[in-house]
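The chain contents come next:
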Amino acid sequence: MTTLTKHPPAPTFKAPQLSKRGRGPSKLRELRIALLFIFPAMIGLVAFSLVPTIRGIYLSFTEYNILGEPKWIGIDNYTAIFADELFWNAMAVTIQYVAINIVFQIVIAIGLALLMQSVAKSTFIRAALLLPFLVANVIVALLWFWMLDYQIGIVNEVISWLGLPRVAFFGSEQWAIPTIAFVNVWRHMGYTALLVFAGLQAIPHHVYEVASLDGASRTRTFWSITMPLLRPVLALVLVVTVIGSFQVFDTVAVTTGGGPVNATRVIQMYIYQKAFGESDFGYASALSVVLFVILALVAFIQMKFLRGNESDLD
Amino acid sequence: MSTQTLTTRKPVDWHRVGAWTLIVLALVVTIFPFLWMLRTALSSNHSLASNTANLLPADFSLGAFKRVFGLQTTEEAIADGGSGGAIDFWLYLRNSILFATVTTACQVFFSALAAYAFARLRWPGRNKVFAVFLATLMIPGIFTALPNFLMIKNLGLLNTFAGLTLPFLFMSAFAIFFLRQFFMSMSREVEEAAMLDGAKSLRIFFQIVLPNAVAPMTTLALLTFIGQWNEYFWPLLVGNDESIRVLTLGLSIFKSQSPQGAPDWTGLMAATLVAAVPILILFLAFGKKVVNSIGFSGIK
């Protein structure tokens, strides 16, 4: 459910309303009570988010192989990353994965959402389409690893029955990334469709009525009304799925492990191998700082470009 | 737009036919792999290769399930195409249940406490602190996972249940955000009446607020539980030891134990099926709730 936890709608902050009735507790007392309530969450925030963030940034400037003490080496890790062919390969592979995954996922999701809204209104159908998303990445990956097996997988059986040559889905450098991308499209499409569907529900009905009175065709209505009004929702969905896709790991880890050769060594896999395979925690930390910066930039550019926080409905 | 002519209506609504065709296609693509999982799990390894494209199990057998639950002897397992390696599926199942239940219960409860403080209590710095919590949603998991691993290791908690659960116990920014929205929408009257009675904040929270928040907390707990049940990365880092290994990790190890060449496909599919069953049960019971909460939690 990682994706679920990654889309905070733009929060609206209200100024705290201070008690003016005079019988409210003093500020210090209020703070004490509040601290009592947020104390456990604060432990979690400080110990497992803030301190690790600072420590991660610090480690990225060190050489640290877990046994000794971290040794400060300035920006050496970053200059090394810049010249690291495996890093650039990992970025290329990851971007290829993200591109295939996002394009198919979003297009299919919009299609399914429109179908959910126009004909398939039952909750049962929506629930069925959501099913793959609820099953673990690991399970989905293993299931498709079996179905796409070169020798006896059902998909290759069908392909060869059609008279076409069998495909080494996970085994060839050319097919491995598209395959992993499609496996995750399969897992996520129902979920993304539900998000888009929620956005469609928010478009007021009278807008469509006006369009149909004006005699607009379905295609015309879709491009001139649905898509523009859906834009804030799509922007949010896009940011969330892109950020999630950049961190693809589980599927790769249980199927190809990064191979064949370097074909599926996505960035998170590369970080994992540097840290836990080669015990190079300094370098791995620097790589994750780079990933962090890239993700922040991507999110920023997308929101800016798509004006995701503004609606055309007002 | 007004210059366009009205579209002529045909007696058969081809749009509807087309739409339903696509829906059925999407359902088949979604459901078929699960049926194939079941079909494979009920087959025998030796017959899989010769009987590849029949919808019914190839040489029906419960051997795969027996193997998964350790009901076959090593000889039997190897004869059936298993690895013969020991997998203690019951143990992994227990670990997954413990891990997902404990982390979900603590995370939802502590997040509810914090969410209430952000929604209803008045205190200096409230919005700034809340903004910091929200900001953590932007941090990619791997970025904090490495330092967290080091900390758990330094504390000597690698391969312990404490190390496995600690990072998830105290809060999730999403849960706090989700519940804060709900608490802000609750009517204030009852709380204020209790306050006039001189009831303390904690007592109000437990006796009045929590009982009224059962519905959103159930939804949240459900979503959290599913996420925790499926968690793979953190257990891979700190929980490799057999004694605390969770199902997702057990499955990936089961796969890599395959004997030379031919993987134990039927055993693997039986294991994935059993690992998915708790989620399927939850889904049958609460599916509607989950489906309807997606739009709410995702966008609104």
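These figures come from a predicted structure and were not determined experimentally.

## Here's the deal with the overall build of chain B
Thinking step 1. The helix and strand tally for chain B stands at 15 helices and zero strands.
Thinking step 2. In chain B, which comprises 300 residues, the proportion classed as buried is 44%.
Thinking step 3. Long-range contacts, defined here as pairs at least 24 residues apart, represent 72% of the contacts in chain B between residues at least 6 apart.

## Overview of the domain arrangement of chain B
Often the size quoted for an interface is simply the accessible area lost on bringing the parts together.
Residue and element names in this part refer to chain B.
Thinking step 1. One can read the domain layout of chain B as domain 1 (10-87 + 257-295) and domain 2 (90-245).
Thinking step 2. Taking the mean C-alpha position of each, domain 1 and domain 2 sit 33 Å from one another.
Thinking step 3. Contacts between domain 1 and domain 2 engage eight residues on the former and five residues on the latter.
Thinking step 4. Residues that form the side of domain 1 that touches domain 2 fall into these classes: six nonpolar, one polar and one charged.

## Let's talk about the environment of Ile208 of chain B
Residues and elements named next belong to chain B.
Thinking step 1. Mapped onto the elements of the fold, Ile208 is located in helix 11 (residues 201-212).
Thinking step 2. Accessibility expressed as a C-beta count within 10 Å gives 16 for Ile208, which makes it partly exposed.
Thinking step 3. The sequence separation of Ile208 and Val190 amounts to 18 residues, and the corresponding C-alpha distance is 7.7 Å.
Thinking step 4. Here Ile208 is in contact with Val190, Glu191 and Ala194, once residues within four sequence places are set aside.

## Observations concerning the interface of chain B and chain A
Thinking step 1. Counting residues at the interface gives 86 residues for chain B, matched by 90 residues for chain A.
Thinking step 2. Counting residues per element, the side of chain B that touches chain A draws most heavily on helix 15 (residues 265-298) of chain B, which supplies 15 residues.
Thinking step 3. Classifying every residue of the side of chain B that touches chain A gives 56 nonpolar, 24 polar and six charged.

## Description of the nonpolar core
Thinking step 1. By size, the foremost hydrophobic cluster in this structure holds 163 residues, and its most contacted members are Ile139, Leu142 and Ala193 of chain A together with Ala114 and Ile176 of chain B.
Thinking step 2. The biggest single contributor to this core is helix 7 (residues 173-201) of chain A, with 15 residues.
Thinking step 3. Looking at this core, you find at least three residues from each of domain 1 (10-87 + 257-295) and domain 2 (90-245) of chain B.
Thinking step 4. Excluding anything up to four places from it in sequence, Ala193 of chain A contacts Ala109, Leu112, Ala113, Met116 and Leu129 of chain A.

## As for helix 1 (residues 27-59) of chain A
Thinking step 1. For helix 1 of chain A, built from 33 residues, the straight-helix expectation of 48 Å at 1.5 Å per residue is missed by more than 12%, its first-to-last C-alpha distance being only 40 Å.
Thinking step 2. At Ile38 of chain A, helix 1 of chain A shows its strongest bend, of approximately 55 degrees, with the proline Pro40 of chain A following within four residues.

## Quick word on unusual backbone geometry
Residue and element names in this part refer to chain A.
Thinking step 1. Of note, the amide linkage connecting Gly259 to Pro260 takes the cis form, showing an omega dihedral of -10 degrees.
Thinking step 2. Within the secondary structure, Pro260 sits in the loop between helix 10 (250-255) and helix 11 (267-277).
Thinking step 3. One non-glycine residue with positive phi stands out, namely Val261, at about 50 degrees.
Thinking step 4. Secondary-structure assignment places Val261 in the loop between helix 10 and helix 11.

Parameters at a glance
Residues numbered from 1 in each chain as written. Chains lettered and ligands numbered in written order. Predicted model: local features only at pLDDT ≥ 70, side-chain atom pairs only at ≥ 80, totals over all residues. Helix = DSSP H or I, 4+ residues; strand = E, 2+ residues; numbered from the N terminus. Buried ≥ 20, exposed ≤ 12 C-beta atoms within 10 Å, placed from the backbone. Contact = placed C-beta atoms within 7 Å. Domains from an automatic or database assignment. Nonpolar A, V, L, I, M, F, W, Y, C, P; charged D, E, K, R; others polar. Core = buried A, V, L, I, M, F, W, Y, C linked by C-beta atoms within 7 Å. Expected span 1.5 Å × (residues − 1). Bend = angle between axes of the 7 residues up to and from the residue.

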